Amino acid sequence: MKRSPLQLATERLNAYIEDNAMRQSPTRMMVLERICALPQPFTGKQLEEVCAGEQISRGTVYNVLEVLQNAQIICPIASQPGSGHMQYELVTSIPSRMRYVCEMCGRQVEIRDKVLEKLIKTRYYYNFVPRRLSLLVYGVCKKCRLVK
Ligand SMILES: [Zn+2]
């Protein structure tokens, strides 16, 4: 049976806590549950908002984000230049991702390309272990091609 992103993330967090001789924290678990319920990717501000009703301080939210990032449960993604908002993504929710992005209307479509995913896994990168793929393919969508 396929495990949910929350189950996978919880397993990874528990292993990280054990490896680093840290204590279990119900707050950390609660923040992780909130993250798994958020649409991915999410901003720190979105996470603050969903944690606001739980008596979790802003500082705690960002501490947990740091722990989850160190445990490789979430990863930061560079957001649009100049927006100033860092985005995060649950690593366990999406193994690999590819998208078409229309340069005219900005529409994005999720695609799978198993051949390319396999090819990347066969590549060697100096001092780097690739784990997943995130690729944007820019072009013009059918709708925008027809409007001329
Ligand atoms: Zn378009």
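Just so we're clear, the structure is a prediction, and the values are computed from it rather than from any experiment.

J.: Pulling in residues and values, what's your account of the nonpolar core?
T.: Formed by 18 residues in total, the largest nonpolar core has its most connected members in Val-31, Leu-68, Ile-73 and Ile-74. Contributions of two or more residues to this core are made by helix H1 (5-19), helix H2 (26-37), helix H3 (44-51), helix H4 (58-70) and strand E3 (87-90). Of the residues forming this core, the biggest block, four residues, is contributed by H4. Excluding its chain neighbours within four sequence positions, the residues that come into contact with Ile-74 are Ile-35, Leu-65, Leu-68, Gln-69, Tyr-88, Glu-89, Leu-90 and Val-91.

J.: With reference to specific residues and values, describe the domain arrangement of the protein chain.
T.: For the protein chain, the assigned domains are domain 1 (5-90) and domain 2 (97-146). Taking the mean C-alpha position of each, domain 1 and domain 2 sit 26 Å from one another.

J.: If you had to explain the pairing of strand E4 (residues 97-102) to someone new, which residues and values would you point to?
T.: Inspection of the sheet shows E4 paired to strand E6 (residues 134-139) by six bridges, in the parallel sense. The residue bridging Arg-99 from the neighbouring strand is Leu-136, located in E6. Pairing of E4 with strand E5 (residues 108-111), which is carried by four bridges, proceeds in the antiparallel orientation. Considered in E5, the bridge of Met-98 is made with Ile-111.

J.: Outline the sheet that holds strand E1 (residues 42-43), supporting the account with residue identities and numerical values.
T.: Across the sheet, which stays open at both edges, the three strands sit in the order E1-E3-E2 with antiparallel pairing between neighbours. Two strands lie at the open edges of the sheet, namely E1 and strand E2 (74-77), each paired on one side alone. As paired strands, E2 and E3 are joined by four bridges and run antiparallel to one another. Bridged to Pro-76 within E3 is Tyr-88.

J.: I'd like a description of the packing of H1 against H2, backed by residues and values.
T.: For the pair H1 and H2, the least separation of the axes is 10 Å and the interaxial angle reads 145 degrees. In this structure, H1 meets H2 at a crossing whose hand is right-handed. Residues Pro-5, Leu-6, Ala-9, Thr-10 and Leu-13 of H1 form the contact with H2, whose participating residues are Leu-32, Glu-33 and Cys-36. Of the residues that constitute the contact of H1 with H2, the class distribution is six nonpolar, one polar and one charged.

J.: Quick rundown of the packing of H3 against H4? Include the residues and the values.
T.: The N-to-C vectors of H3 and H4 enclose an angle of 125 degrees; their axes lie 10 Å apart at closest approach. The orientation of H3 with respect to H4, classified from their angle, is oblique. Seen from above, H3 lies across H4 with right-handed handedness. Of the residues in H4, those touching H3 at Gly-44, Leu-47, Glu-48 and Cys-51 are Arg-58, Val-61, Tyr-62 and Leu-65.

Conventions used here
- Residues numbered from 1 in each chain as written.
- Predicted model: local features only at pLDDT ≥ 70, side-chain atom pairs only at ≥ 80, totals over all residues.
- Core = buried A, V, L, I, M, F, W, Y, C linked by C-beta atoms within 7 Å.
- Buried ≥ 20, exposed ≤ 12 C-beta atoms within 10 Å, placed from the backbone.
- Helix = DSSP H or I, 4+ residues; strand = E, 2+ residues; numbered from the N terminus.
- Contact = placed C-beta atoms within 7 Å.
- Domains from an automatic or database assignment.
- Pairing = 2+ DSSP bridges.
- Axes fitted to C-alpha atoms, helices over the stretch in contact; angles between N-to-C directions.
- Left-handed = near helix turned anticlockwise from the far one by under 90°.
- Nonpolar A, V, L, I, M, F, W, Y, C, P; charged D, E, K, R; others polar.
- Parallel < 35°, antiparallel > 145°, perpendicular 65-115°, else oblique.

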